Amino acid sequence: MTINPSGWRPASPSDVHGEVPALGPATMTGNRALMLEEPLLFEIGSRDQTGVDFDFTAAAGAERVGALRRTSLDLPGLSEPEAVRHYTRLSRQNYAIDLGLFPLGSCTMKHNPRLNEKVARMAGFADVHPLQPQETVQGALELIDTLAHWLITLTGMRAVAMSPKAGAHGEMCGLLSIRAALEARGDARSVVLVPESAHGTNPATAAFCGYKVEDIPATAAGRVDLAALKARLGVGGPDCDVAAVMITNPNTCGLFEPEMKAISDAVHAAGGLVYCDGANFNAIVGRVRPGDLGIDAMHINLHKTFSTPHGGGGPGSGPVVLSDALVPFAPLPYVVKTGDGYRLVEEETAQAEGSDSFGRMVAFHGQMGMFTRALAYILSHGADGLRQVAEDAVLNANYVLRSLEDVLDAPFAGSGPCMHEAIFSDRGFAEGFSTIDVAKGLIDEGFHPMTMYFPLVVHGAMLIEPTETESKASLDQFIVALRSVAGRAKAGDETLKAAPVFAPRRRLDETLAARRPVLAFRTPAPDGADSGEGAELGGR
Ligand SMILES: *Cc1c(COP(=O)(O)O)cnc(C)c1O
């Protein structure tokens, strides 16, 4: 009998490049105290066992689908306790913000207040259906309208498109609005300018919308090079082919773009429009209004700034605030306040109401559950609380930056404080050591790694966003761990090459896993001849 078919093996020197710290004797089961090894569902389940005592062959409806009737689902059967244990064991191998500090830069992995969850579960919000008659969901429409009001107020913009379902989807909404506005004035343009430090979604969105993407260079201080941008824009007018710039502010080096207003003025003078990637809004909420910086469209990641759960497959939500220039082109549907209630403007009525909308982005009205959580977060913090969010996010990142700059190279530390995230490079590591070794070493220390090798403008980048919900004690723990791991990378400690040694799995071939995902289980041949490799993408 194979006790441990999927084979978690305690560290063996053949797995790794360097010496392995002593881990003690292997266990017979493969379990390590409370860390339980868990095979695949297909390896523990059996085809003729089920937790359901319903006789499917006797089901009267079975014959109604005739030839379409499925003969076999080929799923492994488990009893209820077996299924519960399987998924609980797997869940314990995951890292989560509810377990500890999650320093993934650009992702804003902060605590999700339980109050948000309580409100989102109230029946009046949780149980509404998007196809209900509007007069029966007035409260839900009021909630969308109220959240819209606060997003407009916090950003100093004119309107907000609530329906986009993530940051990247919001970028698309912004660019489609910009295109509609340019086409409406008979001035279709073909180029979108994006700084080198931009989040990968920015150039991807521009290309997806059919634009040619061109880089804007960065200065040595990690900011947009205004002179280069102006040179590219030229004198503007009908000869200018630049439809828009997409700028992240604060940018992905964790730095504020102090010349944002000058950038916007230059783009407007050339006849283009300004898109701002607002994913980092948590660094400036309550302190800076993007509308004052000349921005025409900006998405807000509700799941980052306003703390709705994400990163574990939780849904995103990316409302887009718009300037006067873009309001007429906003997507449908949108909520309007009438004399005695709220109403959705949809395709059928939009034109009559003066909208030049570019169309619809989603089937219904957006992520209602995220709207509820974000509004609960905004109202429970209040104006002073939201301002403190930004201040504490920036304070925590600067604490991390200053506590590590003597052991890690901080390329922009000389140009003043950072915003909500601190960036380091791999300069000074021993020959053969790189950022990945530090990331894997952090796993052994019990932390999720930081964002690695992004943004591309910093060599071997380590982007750390502690967020405002970490206490000083928790930051200190993380700093001690990272100082130790960074010290090992600088000293060329070969044991670091073996990390992670305490995780359920060692260093995996992540490229192969992404390029050739094994999506279906194939029973290994009885003689063990099967390589264990399942069907590749699309195959079974
Ligand atoms: C997270 C992020 C995005 C994309 O947002 P999604 O909701 O993941 O689509 C875009 N830009 C920046 C700077 C981000 O941090």
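All values derive from a computational prediction rather than experimental measurement.

(A) Quick look at the overall build of the protein chain. Within the protein chain, the regular secondary structure consists of 15 helices and twelve strands. For the protein chain, whose C-alpha radius of gyration is 26 Å, the value lies close to the compact-globule estimate of 24 Å for 540 residues. Along the first, second and third principal axes, the C-alpha atoms of the protein chain reach 75 × 70 × 45 Å. Out of the 540 residues belonging to the protein chain, those deemed buried represent 47%. Of all intrachain contacts in the protein chain linking residues separated by at least 6 positions in sequence, the fraction that spans at least 24 positions is 70%. Here the protein chain has roughly 26,100 Å² of accessible surface; of this, 56% comes from carbon and sulfur atoms. One way to put it: in the protein chain the 46 positive side-chain charges average out to a point 2 Å from where the 64 negative ones average out.

(B) View of the site of the ligand. Around the ligand sit 13 residues in total, of which S106, G167, D277, H303 and K304 are the nearest. One nitrogen or oxygen atom from the main chain of G167 is found 2.7 Å from an oxygen atom belonging to the ligand. The contact in question runs from a nitrogen atom of the ligand to an N or O atom on the side chain of H199, over 3.4 Å. Burial of the ligand by the protein amounts to 86% of the accessible area it has alone, namely 380 Å². Of all the secondary structure elements, the ones that give two or more residues to the shell around the ligand are α6 (167–184) and α10 (302–305).

(C) Structural view of the packing of helix α8 (residues 226–233) against helix α9 (residues 260–269). In contact at an axis separation of 10 Å, α8 and α9 are set at 5° when each is read in the N-to-C sense. Considering the angle they form, α8 stands roughly parallel to α9. The segment α8 lies against α9, with L226, L229, K230 and L233 engaging A262, I263, A266 and V267. In terms of residue class, the contact of α8 with α9 is built from seven nonpolar, no polar and one charged.

(D) Representation of the domain arrangement of the protein chain. Taken domain by domain, the protein chain holds domain 1 (27–49 + 75–93), domain 2 (118–376) and domain 3 (387–513). Centre-to-centre, using C-alpha coordinates, domain 2 lies 31 Å away from domain 3. Counting residues at the interface gives 23 residues for domain 2, matched by 19 residues for domain 3. Looking at the side of domain 2 facing domain 3, the largest losses of area belong to C253, N282 and R287, adding up to 29% of the total buried there. Here domain 2 is connected to domain 3 by one salt bridge.

(E) Just the sheet that holds strand β3 (residues 212–216), in detail. Read across the open sheet, the seven strands follow the order β1-β7-β6-β5-β4-β2-β3; overall the sheet is mixed. What marks the edges here is a single partner per strand, and that holds for β1 (159–161) and β3. Ignoring strand direction, the axes of neighbouring strands in this sheet form an average angle of 25°. As judged from the three bridges shared by strand β2 (residues 191–195) and strand β4 (residues 242–248), these two strands associate in the parallel manner. By the bridge assignment, V192 is partnered in β4 with A244. Where helix α5 (residues 138–155) meets the sheet, its contacts fall on β1, β6 (297–299) and β7 (320–322), and the angle it forms with β1 comes to roughly 125°. Its contacts with the sheet place α8 against β2, β3 and β4, and it is angled at close to 170° to β2.

(F) Spotlight on the sheet that holds strand β11 (residues 451–452). An order of β10-β12-β11 is seen for the three strands of this open sheet, with the pairing classed as antiparallel. On the outer flanks of this sheet lie β10 (422–424) and β11, each paired with one strand and no other. The sheet contacts of helix α12 (residues 368–404) involve β10 and β12 (462–464), and relative to β10 the element is tilted by about 30°.

(G) Local environment of the nonpolar core. One finds L147, L151, L229 and F306 to be the most contacted residues of the largest nonpolar core, which totals 55 residues. Taken together, the elements giving at least two residues each to this core come down to α5, β2, α8, β4, α9, β5 (273–277), β9 (341–345) and α12. Of the residues forming this core, the biggest block, ten residues, is contributed by α12. Domain assignment of the residues forming this core places at least three in each of domain 2 (118–376) and domain 3 (387–513). When near neighbours in sequence (up to four residues on either side) are disregarded, F306 contacts N116, L151, L154, F281, V285, I300, N301, A374, Y377, I378 and L386.

(H) Focus on the pairing of β4. The element β4 is largely enclosed, with a buried count of seven among its seven residues. Of the pairings in the sheet, the one linking β4 to β5 comprises five bridges and is parallel in character. Bridge pairing links M246 to Y275 in β5. At this point the chain moves from β4, through α9, to the parallel β5, and the crossover so formed is right-handed.

(I) Spatial organisation of the packing of aromatic side chains. The final tally for this structure, using the stated rule, is four aromatic pairs. Geometrically, the ring pair formed by F447 and F478 is edge-to-face, given 5.2 Å between the ring centres and 75° between the ring planes. Of the two residues, F447 sits in the loop between α13 (435–444) and β11 while F478 sits in helix α14 (residues 472–491), which places them 31 residues apart along the sequence. Residue F447 is classed as buried on the basis of its relative accessible area, which comes to 10%. Over the ring of F433 we find K497, and its NZ or CZ is 4.9 Å from the ring centre.

(J) Broad picture of the environment of E346. Mapping E346 onto the fold places it in the loop between β9 and α11 (347–350). Classification of E346 by relative accessible area gives partly exposed; the value is 21%. It is 9.5 Å that separates the C-alpha atoms of E346 and P331, two residues lying 15 residues apart in sequence. If near-sequence neighbours (up to four positions away) are discounted, E346 is found in contact with Q134, L332, P333 and R360. Among the polar contacts made by the side chain of E346, one reaches the side chain of R360 at a distance of 2.7 Å.

(K) Molecular detail of the side chain of K304. Considering the arrangement of structural elements, one finds K304 in helix α10. No salt bridge forms around the buried K304; measuring N to O, its nearest opposite-charge neighbour D277 is 6.5 Å away. Of the polar contacts made by the side chain of K304, one reaches the backbone oxygen of S106; its length is 3.1 Å.

(L) Main features of the pattern of salt bridges. Counting across every chain of the model gives 26 salt bridges. When the shortest N-O distance is used, the salt bridge between R373 and E117 registers 3.0 Å. Of this pair, R373 sits in helix α12 while E117 sits in helix α3 (residues 114–120), and the two are 256 residues apart along the sequence. The exposure class of E117 is buried, given its relative accessible area of 12%. Between E391 and R387 there is a salt bridge, with its nearest N and O atoms 3.9 Å apart. Taken together, the residues span about one helical turn, with E391 and R387 both in helix α12 at a distance of four residues.

Calculation criteria
- Residues numbered from 1 in each chain as written.
- Predicted model: local features only at pLDDT ≥ 70, side-chain atom pairs only at ≥ 80, totals over all residues.
- Heavy atoms only, no water.
- Helix = DSSP H or I, 4+ residues; strand = E, 2+ residues; numbered from the N terminus.
- Rg over C-alpha atoms; globule rule 2.2 N^0.38 Å.
- Buried < 20%, exposed > 50% of the residue type's maximum accessible area, 1.4 Å probe, protein only.
- Contact = heavy atoms within 4.5 Å.
- Areas by Shrake-Rupley, 256 points an atom, 1.4 Å probe, with all protein chains shown as cover.
- Lys, Arg positive; Asp, Glu negative; His and termini not counted.
- Charge placed at Lys NZ, Arg CZ, Asp CG, Glu CD.
- Near = heavy atom within 4 Å.
- Polar contact = N/O pair within 3.5 Å; in protein donor to acceptor, adjacent residues only side chain to side chain.
- Axes fitted to C-alpha atoms, helices over the stretch in contact; angles between N-to-C directions.
- Parallel < 35°, antiparallel > 145°, perpendicular 65-115°, else oblique.
- Nonpolar A, V, L, I, M, F, W, Y, C, P; charged D, E, K, R; others polar.
- Domains from an automatic or database assignment.
- Buried area = accessible area lost by both parts, 1.4 Å probe.
- Salt bridge = Lys/Arg side-chain N within 4 Å of Asp/Glu carboxyl O.
- Pairing = 2+ DSSP bridges.
- Core = buried A, V, L, I, M, F, W, Y, C linked by side-chain atoms within 4.5 Å.
- Right-handed = clockwise from strand over helix to strand, strands pointing away.
- Phe/Tyr/Trp six-rings, centres within 6.5 Å; stacked < 30°, edge-to-face > 60°.
- Lys NZ or Arg CZ within 6 Å of the ring centre and 35° of its normal.

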